[in-house]
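Descriptive analysis of the structure
Listed below are the residues making up each chain.
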Amino acid sequence: MAEARRLIVEGATVLRIPPHVKFRYDETRRRWVVLAPERLLLPDDLSVEILQLVDGKHSLDDIVDALMAKFSAQREEILTDVRALLQDLADKGTLTA
Amino acid sequence: MSDAPTVTRPAPAEIAPPLALLAELTHRCPLRCPYCSNPLELDRASRELSTEEWKRVFSEAAALGVLQVHFSGGEPTARRDIVELVAHAAKVGLYTNLITSGVLLDKNNMAALTAAGLDHVQLSFQDTDAANADRIAGLDKAHWKKLAAAKLIRDAGLPLTLNAVMHRQNLDRLPEMIELAVALGAQRLEVAHVQYYGWALPNRRALFPTYEALERATEIVEAARARLKGVLTIDYVVPDYYARRPKACMGGWARQFINISPAGKALPCHAAETLPGFDWPSIKTTSLRDVWYGSEAFNRYRGTAWMPEPCRSCDRREIDWGGCRCQAFEFTGDASRTDPACALAPDRPILDAARADALGPATEFVYRQIGGAPAR
Ligand code: SF4
Ligand code: SF4
């Protein structure tokens, strides 16, 4: 069996939401939720925007570019925040390559 | 279909909707683990809810805002309608998790469960040493079947969590358990020291680890977490008997979970049936909405208004919610006391005495069985 390895999220990394993770709008709470094995996340508005771009097509750099157009912040700043979020979700298996 | 009378009340603004439903489909189980968290009085098969009743519960749960359903037991796959129940829960939009011992899984039901929309499986292991694992489970070849089940689950493409209940008789093999989780392709491992409820209570002396052993286990888990970051997530639960602060049992009474017993009683946690003086609502006669928002049982210890001192004026009261009501009752005879797992609890000496007793000379296992624990 191939040795399992940690996925390191870099600028060119393209992530997706695996089939066993559900990112959906919850009518009762009127907010987006992430349902994953033994985990339930209630992402804030910014995280929702990011997760909507995690579609197996956009790379980390693409996502940062898209957010640049919306928020008036330094690219470096946005990159750091988005990478931290995606790395954490990848570490817990909530996102995969 | 047996429709319960539905009195539709508006949701009171201050009570959040439930997040998860624990569906204890049955108390039947081919295994006989001496730490089983089921009550000593197990529900017999003849009292179990019907397929239609469970389906109605899942529909009502989804409408109420429940996001996840955990199929547990006993052994949930001992129900012949397990595939139909998973399919219905998935259809109404619930995230479905199967909590299983794995010994009844085979190629056929695994394929059917996957097609029904199962999202995740939590598989228990008793030990990494096959002979000892089978002895703890009280079932021959159980370990071997579990290894096969793990492969079936991964081959079906489902994410896998390993659940390892640890205690005096397997704690030495914690490193091997972590390696097993990685080798089986699990994404998560729950290392849960036994908590002393249900069947674990009469087995306390057979199971309870020394403080030194617990500390060593904690170090092993911490080192493995660092080494396996991004490969394996390890959840770790320490025994209350060594705690300084209690756990937020179920995230607080009636704040996140609804537990349905095999016979259809709605409970705030699986152990609550042991508490006297409650009129537990039955989902045969009460809608899930009324259980959650309207029942006296769910409202009794909800929030902080019921709390005695020292909880009432403690700044952790909305973190641990005063600990576990069942443990408070077990130790003090009064479920509304501060959980003695808290070092600030006036009843703490009772827990200290229990710990001293648990460290006494080891006893033989009392295996789980229908009909309760034999008198000793
Ligand atoms: S703890 Fe053991 S005996 Fe109890 S339900 Fe789980 S597998 Fe069965
Ligand atoms: S006093 Fe009560 S609220 Fe405070 S830590 Fe102890 S159990 Fe929790």
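You'll find the structure just up there.
Let me sum up the structure you'll find in this document.

Conventions used here
Residues numbered from 1 in each chain as written. Chains lettered and ligands numbered in written order. Predicted model: local features only at pLDDT ≥ 70, side-chain atom pairs only at ≥ 80, totals over all residues. Heavy atoms only, no water. Helix = DSSP H or I, 4+ residues; strand = E, 2+ residues; numbered from the N terminus. Rg over C-alpha atoms; globule rule 2.2 N^0.38 Å. Contact = heavy atoms within 4.5 Å. Areas by Shrake-Rupley, 256 points an atom, 1.4 Å probe, with all protein chains shown as cover. Lys, Arg positive; Asp, Glu negative; His and termini not counted. Charge placed at Lys NZ, Arg CZ, Asp CG, Glu CD. Axes fitted to C-alpha atoms, helices over the stretch in contact; angles between N-to-C directions. Parallel < 35°, antiparallel > 145°, perpendicular 65-115°, else oblique. Left-handed = near helix turned anticlockwise from the far one by under 90°. Pairing = 2+ DSSP bridges. Salt bridge = Lys/Arg side-chain N within 4 Å of Asp/Glu carboxyl O. Polar contact = N/O pair within 3.5 Å; in protein donor to acceptor, adjacent residues only side chain to side chain. Nonpolar A, V, L, I, M, F, W, Y, C, P; charged D, E, K, R; others polar. Core = buried A, V, L, I, M, F, W, Y, C linked by side-chain atoms within 4.5 Å. Buried < 20%, exposed > 50% of the residue type's maximum accessible area, 1.4 Å probe, protein only. Expected span 1.5 Å × (residues − 1). Near = heavy atom within 4 Å. Disulfide = S-S within 2.5 Å.

Regarding the overall build of chain B
Along chain B, the regular secondary structure elements total twelve helices and nine strands. Against the compact-globule benchmark of 21 Å for 376 residues, chain B has a radius of gyration of 20 Å, which places it among compact chains. Dimensions along the principal axes, computed over C-alpha positions, put chain B at roughly 55 × 55 × 45 Å. For chain B, the share of sequence-separated contacts (at least 6 apart) that also reach a separation of at least 24 residues comes to 73%. As presented, chain B carries roughly 15000 Å² of accessible surface, and 53% of it is formed by carbon and sulfur atoms. Computed over 44 positive and 44 negative side-chain charges, the separation of the two mean positions in chain B equals 1 Å.

Here we look at the packing of helix α6 (residues 174-183) of chain B against helix α8 (residues 211-227) of chain B
All names here are of chain B. Contact pair α6 / α8: the axes reach a minimum separation of 10 Å and the direction vectors enclose 30 degrees. Comparing the axis directions of α6 and α8 gives the class roughly parallel. The two elements α6 and α8 meet at a crossing, and its hand is right-handed. Within the contact between the two elements, α6 uses Leu 174, Pro 175, Ile 178 and Glu 179 and α8 uses Ala 217, Ile 220, Val 221, Ala 224 and Arg 227.

Some remarks on the sheet that holds strand β2 (residues 31-36) of chain A
Residue and element names in this part refer to chain A. An order of β1-β2-β3 is seen for the three strands of this open sheet, with the pairing classed as antiparallel. Single-partner strands in this sheet number two, and they are β1 (22-26) and β3 (39-41). Averaged over all pairs of adjacent strands, the angle between their axes in this sheet comes to 25 degrees, without regard to strand direction. Two strands pair when backbone bridges link them, and β1 and β2 are joined in this way by five bridges, in the antiparallel orientation. Following the sheet pairing, Arg 24 is matched in β2 by Val 33.

Describing the interface of chain A and chain B
Between chain A and chain B, the residue contacts involve 20 residues of the former and 24 residues of the latter. Summed over the shared surface of chain A and chain B, the result is one salt bridge. The closest approach of N and O atoms between Lys22(A) and Asp119(B), which form a salt bridge, is 2.5 Å. Counting across the interface, chain A meets chain B through nine residue pairs in polar contact (both at pLDDT 80 or more). Of all the secondary structure elements, the ones that give two or more residues to the side of chain A that touches chain B are β1, β2 and β3 of chain A. The residue makeup of the side of chain A that touches chain B, split by class, is seven nonpolar, three polar and ten charged.

Here we look at the nonpolar core
Grouped together as the largest cluster of nonpolar side chains are 106 residues, with contacts concentrated most on Leu21(B), Phe58(B), Phe71(B) and Ile260(B). Discounting chain neighbours no more than four positions away, the residues touching Phe58(B) are Leu21(B), Ala23(B), Val69(B), Phe71(B), Leu85(B), His88(B), Ala89(B), Val92(B) and Leu94(B). The next biggest cluster of nonpolar side chains, apart from the first, holds 22 residues, and it includes Ile50(A), Leu53(A), Leu79(A) and Leu86(A).

Examining the pattern of salt bridges
Residue and element names in this part refer to chain B. One pass over the full model with this rule turns up 27 salt bridges over all chains. A salt bridge links Glu 48 to Arg 28, with the shortest nitrogen-to-oxygen separation between them at 3.0 Å. Placement of the pair is Glu 48 in the loop between β1 (20-24) and α1 (51-64) and Arg 28 in the loop between β1 and α1, with a sequence separation of 20 residues. Given a relative accessible area of 29%, Arg 28 falls into the partly exposed group. Residue Glu 296 pairs with Arg 300 through a salt bridge whose shortest N-O separation is 2.9 Å. Of the two residues, Glu 296 and Arg 300 are both situated in helix α10 (residues 296-300); the distance of four residues between them amounts to about one turn of the helix. Assessed through its relative accessible area of 47%, Glu 296 is described here as partly exposed. The network of salt bridges with shared partners includes Arg 28, Glu 48, Arg 79 and Asp 81.

Concerning α1(B)
All names here are of chain B. Counted at 1.5 Å a residue, the expected span for α1 with its 14 residues is 20 Å, and the 20 Å between its end C-alpha atoms agrees. Those residues of α1 lying buried are Glu 53, Trp 54, Lys 55, Arg 56, Val 57, Phe 58, Glu 60, Ala 61 and Leu 64. Check the buried side of α1 and you find it contacts β1, β2 (68-72), α2 (82-91), β8 (257-260) and α9 (288-294). The first or second residue beyond α1 is Gly 65, which carries a positive phi of 110 degrees.

Some thoughts on the site of ligand 1
Taken together, Cys29(B), Leu31(B), Arg32(B), Cys33(B), Cys36(B), Gly74(B), Ser101(B) and Arg368(B) make up the full set of residues near ligand 1. Considering only residue class, the shell around ligand 1 consists of four nonpolar, two polar and two charged.

Topic: the state of the cysteines
A covalent bond between the sulfur atoms of two cysteines is referred to as a disulfide. Applying the stated criterion across every chain, the model contains zero disulfides over all chains. No disulfide involves Cys326(B); its nearest neighbouring cysteine sulfur is the one of Cys269(B), lying 4.0 Å away.

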